Amino acid sequence: MVEWTGKPAYQQVAEQLRRRIAAGEFSTAGKLPSLAEIQGAYGVTVTVARAAIRQLNSDGLVVTHQGKGAFLTSGSTEAAKLASPEGALADLQDQVDSLRAEVAALRDRVSHLEGDRNSG
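Treat the numbers as computed from the prediction; the structure is a model and nothing was measured.

Engineer: Help me out: how do you make sense of the layout of surface pockets in this one?
Structural biologist: If you roll a probe as big as a water molecule over the atoms, it shows you where there is empty space left. If you add up the space inside the largest pocket, you get close to 330 Å³. If you trace the largest pocket, you find 16 residues lining it, with Leu35, Arg50, Ile53, Thr64 and Gly69 closest to the centre. At four residues, helix H3 (residues 46–58) tops the list of elements feeding residues into the lining of the largest pocket. Classifying every residue of the lining of the largest pocket by side-chain character gives five nonpolar, seven polar and four charged.

Put into structure tokens, the structure is as follows:
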């Protein structure tokens with residue numbers, strides 16, 4: 001599943017796992033697939049699978065426990081969303097929409113206050 005893109009294989013696997021984390025795929029169990037499952041799913045070596053998990057760990061998305069696996073950290077789903085350009089853009093769009101609503105509400109209040117002042 002890893003393709004020749006010029007990017008190291010572990011980064012490609014880490015990005016795909018990050019997308020799955022952002023989509024909430026692991027949020028119920030909180031546990032990522034095992035190294036063997038990652039190897040099988042992405043057609044990579046155990047070294048690449050370990051490096052991908054290490055990358056997610058250094059990004060603060062997972063913690064690892066010797067012999068038990070990799071587990072999501074609190075807030076990892078949101079952090080993973082923001083780590084991707086698409087997620088960051090969606091978050092910015094949400095913030096812009098929220099700001100627009102706040103500005104519209106403030107305009108209404110100012111208009112209402114000016115109307116009260118002019119009529120009194």
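On we go from here.
Engineer: Where do I start with the pairing of strand S1 (residues 62–65) in this structure?
Structural biologist: On any regular strand, side chains alternate: one points to one face of the sheet, the next to the other face. Sheet topology places S1 next to strand S2 (residues 69–72); four bridges connect them, and they run antiparallel. In the strand pairing of S2, Val63 is matched with Phe71. Connecting S1 to the antiparallel partner S2 that follows it, the hairpin turn spans three residues, and Gly67 within it adopts a positive phi of roughly 80°.

Engineer: How do you make sense of the packing of helix H2 (residues 35–42) against H3 when you look at a structure like this?
Structural biologist: Relative orientation and spacing of two packed helices are given, respectively, by the angle between their axes and the distance between those axes. Across the interface, H2 lies against H3 with an axial gap of 9 Å and an inter-helix angle of 110°. The angle between H2 and H3 places the two elements in the roughly perpendicular class. For the pair H2 and H3, the contacting residues are Leu35, Ile38 and Gln39 in the first and Val46, Ala49, Arg50 and Ile53 in the second. A breakdown of the residues in the contact of H2 with H3 according to their chemical character gives five nonpolar, one polar and one charged.

Engineer: It is not clear to me how H3 should be interpreted in this structure. Could you clarify?
Structural biologist: Look at H3: 18 Å from first C-alpha to last across 13 residues, which is about the 18 Å you get at 1.5 Å a residue. The secondary structure elements touched by the buried residues of H3 are helix H1 (9–22), H2, S1 and S2. Gly60 lies just past H3 and shows a positive phi near 80°.

Rules used throughout
- Residues numbered from 1 in each chain as written.
- Predicted model: local features only at pLDDT ≥ 70, side-chain atom pairs only at ≥ 80, totals over all residues.
- Heavy atoms only, no water.
- 1 Å grid on protein atoms, 1.4 Å probe; cavity = no way out; pocket = protein on both sides within 12 Å on 5 of 7 lines; lining within 4 Å.
- Points joined across faces, edges and corners; volume = space filled by probe spheres on them.
- Helix = DSSP H or I, 4+ residues; strand = E, 2+ residues; numbered from the N terminus.
- Nonpolar A, V, L, I, M, F, W, Y, C, P; charged D, E, K, R; others polar.
- Pairing = 2+ DSSP bridges.
- Axes fitted to C-alpha atoms, helices over the stretch in contact; angles between N-to-C directions.
- Parallel < 35°, antiparallel > 145°, perpendicular 65-115°, else oblique.
- Contact = heavy atoms within 4.5 Å.
- Expected span 1.5 Å × (residues − 1).

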